[in-house]
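# Overview (structure and organization)
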Amino acid sequence: MTSEEIFDIWAPPHATWSAWVKPVLFAEAGKIRDDRPSVSDWPETGTEIVTYSANTAQVIDLPGRDSVLLGLALAGQGYRPVPLFNTCCGQNALVPAEAIPPLLAKGASYLAGLDLPDDAPPAFLLDCGRMKGNAAPSPGRFDNRWLVFPQDFPSATFLQSHRIDSVQLVQPAGDQPQDDLAHVLRRWQEAGLPIAVLNPGGTVTPRAIEVRRPPRYRALFYRLSAALGLRRNSAGGFGAVIPHPSSG
């Protein structure tokens with residue numbers, strides 16, 4: 001399948017949440033020649049981790065590959081997975097993202113056979129390592145660290161108008177979301193959407209949380225200051241080579 005065909009399966013034109021799907025990594029997905037689903041790729045325990053609810057939005061903040069796999073498992077339950085990976089692949093990259101495009105390609109074949117309704121509840125997919133990277137930024141490295149902003153998600157009003165009345169955050173550990181995601185979830189919570197957290201590696205019982213106010217919450221220049229030091233890609237999203245200092 002081409003990149004456009006894969007994207008259209010993950011983000012059907014008439015589906016409620018398609019406007020929020022990030023297209024960047026789908027360009028890489030179109031280069032995958034073997035897009036047939038492999039049985040070993042699909043998790044068999046997805047329904048044991050997250051219980052389906054037509055009125056609950058899921059925010060999956062796991063390592064990239066695990067996030068896509070859980071999103072596909074949730075699609076089998078009736079959720080619409082919404083990839084929000086706003087980064088690029090590159091040689092010597094700080095944030096490993098090369099495992100995601102093959103799963104987007106294989107997942108397209110799987111999703112195409114599910115016939116999900118346009119208004120299926122959303123499962124937003126993130127990479128919890130988006131700002132960490134596997135090394136310190138240095139000249140010559142491909143800096144593809146990225147973060148999310150409130151504008152990357154639907155508003156609480158939009159969610160509520162589509163019968164979403166609660167949100168569940170799935171992350172590796174802890175109760176509080178990462179700072180960038182907290183800017184989103186705190187807004188939703190203040191608008192009346194209760195937030196629960198679930199840790200797949202620990203006790204898989206959702207816990208209600210109060211999302212703490214993150215630094216620079218609702219600050220006028222938050223978006224500009226938060227992205228300071230990150231590198232935009234000309235094709236969209238984040239990702240560019242850190243230049244070597246000029247000499248002489």
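In what follows, the structure referred to is the one given above.
As a starting point, this report considers the structure included with it.

What counts and how
Residues numbered from 1 in each chain as written. Predicted model: local features only at pLDDT ≥ 70, side-chain atom pairs only at ≥ 80, totals over all residues. Heavy atoms only, no water. Core = buried A, V, L, I, M, F, W, Y, C linked by side-chain atoms within 4.5 Å. Buried < 20%, exposed > 50% of the residue type's maximum accessible area, 1.4 Å probe, protein only. Helix = DSSP H or I, 4+ residues; strand = E, 2+ residues; numbered from the N terminus. Salt bridge = Lys/Arg side-chain N within 4 Å of Asp/Glu carboxyl O. Axes fitted to C-alpha atoms, helices over the stretch in contact; angles between N-to-C directions. Parallel < 35°, antiparallel > 145°, perpendicular 65-115°, else oblique. Left-handed = near helix turned anticlockwise from the far one by under 90°. Contact = heavy atoms within 4.5 Å. Nonpolar A, V, L, I, M, F, W, Y, C, P; charged D, E, K, R; others polar. Pairing = 2+ DSSP bridges.

### Topic: the nonpolar core
- Trp10, Val59, Phe124, Phe153, Leu185 and Trp188 are the most contacted members of the largest nonpolar core, which has 63 residues in total.
- The leading source of residues in this core is helix α4 (residues 64-77), at seven residues.

### A word on the pattern of salt bridges
- Evaluation of the coordinates by the stated rule reveals nine salt bridges.
- One salt bridge connects aspartate 61 with arginine 130, and the closest N-O pair in it is separated by 2.7 Å. Here arginine 130 lies in the loop between β3 (122-127) and β4 (142-143) and aspartate 61 lies in strand β1 (residues 56-62), a separation of 69 residues in the sequence. Across this residue pair, the class does not change: aspartate 61 and arginine 130 are buried.
- Its salt-bridge partner being arginine 186, residue glutamate 190 comes within 3.0 Å of it at the nearest N-O pair. Of this pair, glutamate 190 and arginine 186 both sit in helix α7 (residues 179-190), four residues apart, roughly one helical turn.
- Residues joined by salt bridges that share partners form a network here, namely Asp61, Arg130 and Asp180.

### Description of the packing of helix α1 (residues 3-10) against helix α5 (residues 100-112)
- Where α1 contacts α5, the two axes come as close as 9 Å, and the packing angle between them is 55 degrees. Relative to α5, α1 is oriented oblique. Along this stretch, α1 crosses α5, giving a crossing that reads as left-handed. Between α1, through Ile6, Ile9 and Trp10, and α5, the contact on the second element is made entirely by Leu103, Leu104, Ala105, Gly107, Ala108, Leu111 and Ala112.
- Classifying every residue of the contact of α1 with α5 gives nine nonpolar, one polar and no charged.

### Side note on the packing of α4 against α5
- Following both chains from N to C, one finds α4 and α5 inclined at 5 degrees, their axes separated by 10 Å at the closest point. Looking at the two axes, α4 sits roughly parallel to α5. Here Gly64, Arg65, Val68, Leu69, Leu72, Ala75 and Gly76 of α4 lie close against α5, whose contacting residues are Ile100, Leu103, Gly107, Tyr110 and Leu111.
- Among the residues making up the contact of α4 with α5, the classes are represented as eight nonpolar, three polar and one charged.

### Observations concerning the sheet that holds β1
- The strand order across the open sheet formed by six strands is β2-β3-β1-β5-β6-β7, and the pairing between neighbours is mixed. The two strands at the open ends of the sheet, each matched to only one other strand, are β2 (80-83) and β7 (207-209). Neighbour-to-neighbour, the strand axes of the sheet open up by a mean angle of 25 degrees, direction not taken into account.
- Across five bridges, β1 lies against β3 in parallel orientation. When the sheet's bridge partners are listed, glutamine 58 is paired in β3 with alanine 123.
- In this fold α4 packs onto β1, β2, β3 and β5 (166-170), with an angle of close to 155 degrees to the strand it touches most, β1.

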